[in-house]
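Structural overview
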Amino acid sequence: MHIGEEISVSSVSSGSDPESNTGARGGPHGQIPESYDVFRDPWGIPHLRASDELGLAHAQGRVTAFDRAWQLEVERHRAEGSSASFLGPDSVVWDRFARQSRLADTARLCYEAMEADDPATAAWVRAYVDGVNAGLAAGAARDERFARTALAPSPWEPWVPLAIWIATHILFAGFPTKLWRERVARALGDETLTLFATDGPRIAGSNGWMVPGDRTTTGAAIIAGDPHRFIEDPGVYQQIRLSCPDYDVLGLAVPGVPGLAHFGHTGSAAWAITNAMSDYQDLYVERLRRVEGEGGGEGEGGGTVVEALGPDGVWERVARHTETITVAGGDDVEVEVLETPRGPVIVHADGDPGAESGAGGGTQTLSLRYPPRVRRDLGFAALPALLRARTVADIDRALDGWAEPVNVVHAADTEGGLLHRVAGAVPLRHPANRLRPVPAWDPEHAWQGWAPTPAEPVQGFAVMANARGIASPLGVEFAPPHRADRIRELLSGSGDWSPKAMADVHRDTYLASAEPLLALLPGFEDLTPAARELRTRLLAWDRRMEAESTDATAFAALRTATVRRLAADPVFADLAGAPAGPAVFHPWLYLVPKIGYALEGLLTTSLVPELDRAAHVRAALEETAAADSADTGTPWAEVHRLTPWQAVPDPDAPEWPGLGGDHDCVNATSSVPGFTDLTARASAARYVWDLARREDSLWAVPLGADGVTGTPHHRDQLPLWARCELVPVVTDWARLTKESI
């Protein structure tokens, strides 16, 4: 046991007050007291001030544990593949994937490499973990969900923040889309591989824009935007300020991870990111065989080993062991964990990992190759470096070492410096690797080093919204251009931007992707009177998905009917069945959502000439006009309601608000066209960083600063967030309330 872990155990068991200004940092010389102060602004957002960097990391961990103990423990168990032990059978699907893809083991390897190669960053992460351990007991005592699920918090190990980071981003690049493309190619032919290419379900996106000083009221740059993720309760981003003699930085942290990886303002410099939509994870088709009588390795019995066919026809040893998932309210589940030289096996052919496979027939055996497991590095050295950044050049240097995930970055400083670049690790390999699973035994599909990360000068303003652009050489599927184009259009309308005016960009609801569907309507003849009336109404609609708009509701009803009719067309019959393989990948593999998100392209593509689009849209128009469900007086917000994910649903929670916006709006509140008008994915935070006066910056999160249900700051930002309003950033320590000690 590390000394730091030993200290953490005593801290958790002591039940000491996590708001005390004396923490304990574990290290090679034992306990070292660190002094820090905790302040709160009117929104309950923590502002931390410590005597040094390690004490500040300890304070961040401790206060985060006090505010969000339940969230931290849920994320830790998900990263370790043990969440079913208190959440029950529904969590087995994820736990199985977490174990088979070796998330926790990868985090351990990355942390061990960090300890060896970068002990300063390792000590910083360890200080944060010791702070978490010092605050968990008191944080858990605040939250009844621990008692309800019989979950007792347990001490974290130093690698846990890395595991949470990996688990949060393992599906970020959307490698399951390769399973869908493979399915499409088998059903419709290889030429249709990218037929459904678009920003689809369960892919994280973002908006971001940077306005240089010559277009602002202050003469200094403004950076603004919003990350789009599944909305969770508690929220996935934590507003926080971190101050010590070396720096004073505020921004959005990922609970369970030290520092401010994605969005921060140091006073003289600021940065923000969006998903680069790069492809940096590969699926390999593996041929496995069981060999008898050759002894056994760790976890192998009976003299049996498993081998995989590698490049040049060489059979290679497969690491193999069994793990057990404990399930609350259910039987334990054994999981076979296999790893070939390519990576962990995440799909077993026909459920039998020991049978020879991959030569045809049923489900393929697939291994996953992803950069952190190959490199044993997440780029965490960038995190403390970003906190210390004073200029754009400092930020640029810090991000040269970034690895996971791959992001597009905007940065600016008070000296007029501007930065627009990609940061992250993307392997160089055969183009086919990006499209679909590739044969492990073919040497041309091996990784051949790492791609350079593009950068480009900022001319005028810079926009990043997951569309094709600076990161195009690194990806396959990108978001439609509508959000990026609309942001550029809005920014072009003024040369005098202020931080407060940026809220108007955040809330914009214009839906440009409605055009291909609406464009078909004028050509229909012999419609019923109700259908003609609906057509007239929709063609006159301003194409804004405003919360109070009844026309937006009518359009969504037409879109839903169109998607469902297209999905029922015989041309897609081989794609309409239930997905095969592990259930964790099924959200990428259902036909109706895929058509819903790709509708714009499907209505204009020539790849499936036998698809009678006009006939389907005409029938959908008649269906919508005749249906009682198409209540012409229903505002969009009544059907387009927020539905956050909760590990343990709160049966007494107040009704979640209705929202304006839609998937391709700047106000990107995603429904799933054809499946539901409810929204589970939206802006996980909004921010406006002012480089002239940091105190004029603005931000908001979907819920609030406190992760405990029913507390004053649990949902106090929600009404403002729903209206795309932001709250002021407070930087004056005299305006903050110091926690009682």
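In every chain, residue numbers begin from 1 and rise along the written sequence. Only residues with pLDDT of 70 or above have their local features reported here, since the model is predicted, and side-chain atom pairs are shown and tallied only from 80 upward, although totals for entire chains, interfaces and linings are computed over all residues. To obtain the side-chain values, all non-hydrogen atoms of the structure were included, while hydrogens and water were left out.

Observations regarding the overall build of the protein
Under the scheme used here, helices are H or I runs from DSSP no shorter than 4 residues and strands are E runs no shorter than 2 residues, and both carry numbers assigned from the N terminus. Along the protein, the regular secondary structure elements total 22 helices and 27 strands. The C-alpha atoms of the protein give a radius of gyration of 26 Å, which matches the 27 Å a tight globule of 741 residues would have. Projecting the C-alpha coordinates of the protein onto the three principal axes gives extents of approximately 85 × 75 × 50 Å. The buried label applies to any residue whose accessible area, calculated with a 1.4 Å probe on protein chains only, is under 20% of its type's maximum; exposed applies above 50%, and partly exposed to all values in between. Here the protein, with 741 residues, has 62% of them falling under the buried criterion. Throughout, a contact is declared for two residues whenever any of their heavy atoms are within 4.5 Å. Nonlocal contacts in the protein, meaning residues at least 24 apart in sequence, comprise 69% of its contacts between residues at least 6 apart. Roughly 26000 Å² of accessible area belongs to the protein as shown, and the carbon and sulfur atoms make up 50% of that amount. When charges are tallied, Lys and Arg are placed among the positive residues and Asp and Glu among the negative ones, while His and the ends of the chain are skipped. The atom standing in for a charge is NZ when the residue is Lys, CZ when it is Arg, CG when it is Asp and CD when it is Glu. The positive charge centre, built from 66 side chains, and the negative charge centre, built from 101, are 2 Å apart in the protein. Two things to know: the radius of gyration comes from C-alpha atoms, and the globule rule equals 2.2 Å times the number of residues to the power 0.38. Computed with the Shrake-Rupley method and a 1.4 Å probe, the accessible areas treat only the protein chains shown as cover for residues.

Examining the nonpolar core
Working definition of a nonpolar core: buried Ala, Val, Leu, Ile, Met, Phe, Trp, Tyr and Cys residues. They are joined through side-chain atoms within 4.5 Å. Of all hydrophobic cores here, the largest spans 181 residues; its most connected members are F196 and F572. Top contributing element to this core by residue count: helix α2 (residues 53–80), with 10 residues. Among all residues touching F572, those that are not within four sequence positions of it are L188, L195, F196, L566, A567, L591, I595 and L611. One finds W209, I487, L491 and V688 within the second-largest nonpolar core, a separate group that totals 19 residues.

A few points about the packing of aromatic side chains
For Phe, Tyr and Trp, where Trp contributes only its six-membered ring, two rings pair if their centres lie within 6.5 Å, and the inter-plane angle classes them as stacked under 30 degrees, edge-to-face over 60, or tilted in between. Applying the stated criterion across every chain yields a total of 17 aromatic pairs. For the pair W165 and W402, a centre-to-centre distance of 5.8 Å together with 85° between the ring planes defines the contact as edge-to-face. Linking W165 in helix α8 (residues 160–169) with W402 in the loop between α12 (392–399) and β18 (407–413), this pair joins segments that are 237 residues apart in sequence. Summarising the burial analysis for this pair, W165 and W402 share the class buried. For the ring pair W447 and W450, a centre distance of 5.6 Å and an interplane angle of 80° mean the geometry is edge-to-face. Connected via pairs of aromatic rings, a cluster forms that spans Y237, F263, Y687, W689 and W699. The ring of W447 is capped by R369, whose NZ or CZ atom sits 4.8 Å from the centre of that ring. For a Lys NZ or an Arg CZ to count as sitting over a ring, it must be within 6 Å of the ring centre and within 35 degrees of the ring normal. The cationic tip of R715 hangs over the ring face of W656; the distance from NZ or CZ to the ring centre is 4.1 Å.

A word on the pattern of salt bridges
Salt bridges are identified by distance alone: a Lys or Arg side-chain nitrogen within 4 Å of an Asp or Glu carboxyl oxygen. As enumerated under the stated definition, the model contains 46 salt bridges in all. Here the salt bridges share partners, and the residues they tie into one network are R102, D105, E339 and R373.

Overview of the packing of helix α16 (residues 529–540) against helix α17 (residues 550–567)
One can describe the packing of α16 onto α17 by two numbers: an axis separation of 10 Å at closest approach and a directional angle of 120°. As α16 runs across α17, the sense of the crossing is left-handed. Contact residues: L534, R537 and L538 in α16; T550, D551, A554, F555 and L558 in α17. A per-class count over the contact of α16 with α17 returns 5 nonpolar, 1 polar and 2 charged. With axes taken as lines fitted to C-alpha atoms, and helix axes fitted only over the stretch in contact, angles between N-to-C directions fall between 0 and 180 degrees. What makes a crossing left-handed is the near helix being turned counterclockwise from the far one by less than a right angle; a clockwise turn instead makes it right-handed. When residues are sorted by character, Ala, Val, Leu, Ile, Met, Phe, Trp, Tyr, Cys and Pro go into the nonpolar class, Asp, Glu, Lys and Arg into the charged class, and all the rest, Gly among them, into the polar class.

Thoughts on the side chain of T634
Note that T634 resides in the loop between α20 (613–626) and α21 (636–639). Take T634: its relative accessible area is 13%, and that puts it in the buried class. Excluding residues within four positions of it along the chain, T634 makes contact with S549, T550, T553 and V639.

Remarks on the sheet that holds strand β16 (residues 345–347)
For two strands to pair, DSSP has to find at least two bridges joining them. If you trace the 4 strands from one edge of the open sheet to the other, you get β16-β17-β10-β20, paired in mixed fashion. Strands with a single pairing partner mark the edges of an open sheet, and in this sheet they are β16 and β20 (438–439). With 2 bridges connecting them, β16 and strand β17 (residues 366–369) associate as antiparallel partners. Residue pairing in the sheet places V347 in a bridge with L366 of β17.

Here's the deal with the pairing of strand β24 (residues 686–690)
In terms of burial, β24 is a largely internal element, 5 of the 5 residues being buried. As defined by bridge partners, strand β5 (residues 222–230) adjoins β24 across 4 bridges and the pair is classed as antiparallel. Across the sheet, A224 pairs through a bridge with V688, a residue of β24. Across 3 bridges, the pairing between β24 and strand β25 (residues 698–700) is antiparallel. By the bridge assignment, R686 is partnered in β25 with A700.

Topic: the sheet that holds strand β11 (residues 288–292)
Taking strand neighbours across the sheet as the criterion, the 3 strands line up as β11-β12-β13 in an open arrangement whose pairing is antiparallel. Edge strands, defined here as strands with exactly one partner in the open sheet, are β11 and β13 (315–317). Averaged over all neighbouring strand pairs, the angle between strand axes comes to 40°, with direction disregarded. The pairing of β11 with strand β12 (residues 304–309) spans 5 bridges and is classified as antiparallel. Residue pairing in the sheet places R289 in a bridge with E307 of β12.

Focus on the environment of F175
Within the fold, F175 resides in the loop between α8 and α9 (177–188). Sequence spacing of F175 and F585 is 410 residues, and the spatial spacing of their C-alpha atoms is 9.3 Å. Residue contacts for F175: discarding those within four places in its chain leaves F97, I170, Q281, L283, I346, L368 and F585.

Quick word on α20
Its 14 residues place the ends of α20 20 Å apart at the C-alpha level, agreeing with the 20 Å of an ideal helix rising 1.5 Å per residue. All buried positions along α20 are accounted for by R613, H616, V617, A620, L621 and T624. What you see down the axis of α20 is that its buried residues fit within an arc of 140°, all on one side. Buried residues along α20 sit against α15 (515–519), α16, α17 and α19 (599–602). Residue count minus one, scaled by 1.5 Å, sets the expected span of a helix. It is the directions from the helix axis to the C-beta atoms whose arc is reported.

A word on the confidence of the model for the protein
Note: pLDDT gives the predictor's confidence per residue, expressed from 0 to 100. In the predicted model, the protein carries a mean pLDDT of 90, and the fraction of residues at 70 or more is 91%. Every residue in residues 1–33 scores below 50 in pLDDT, and together they form 76 contacts with partners more than four places removed in sequence or on other chains. This model gives residues 296–301 a pLDDT under 50, and the stretch forms 11 contacts once residues within four places in sequence are excluded.

Notes on the environment of P452
The residue P452 is located in the loop between β20 and β21 (462–464) in this model. Separated by 27 residues in sequence, P452 and A425 place their C-alpha atoms 8.6 Å apart.

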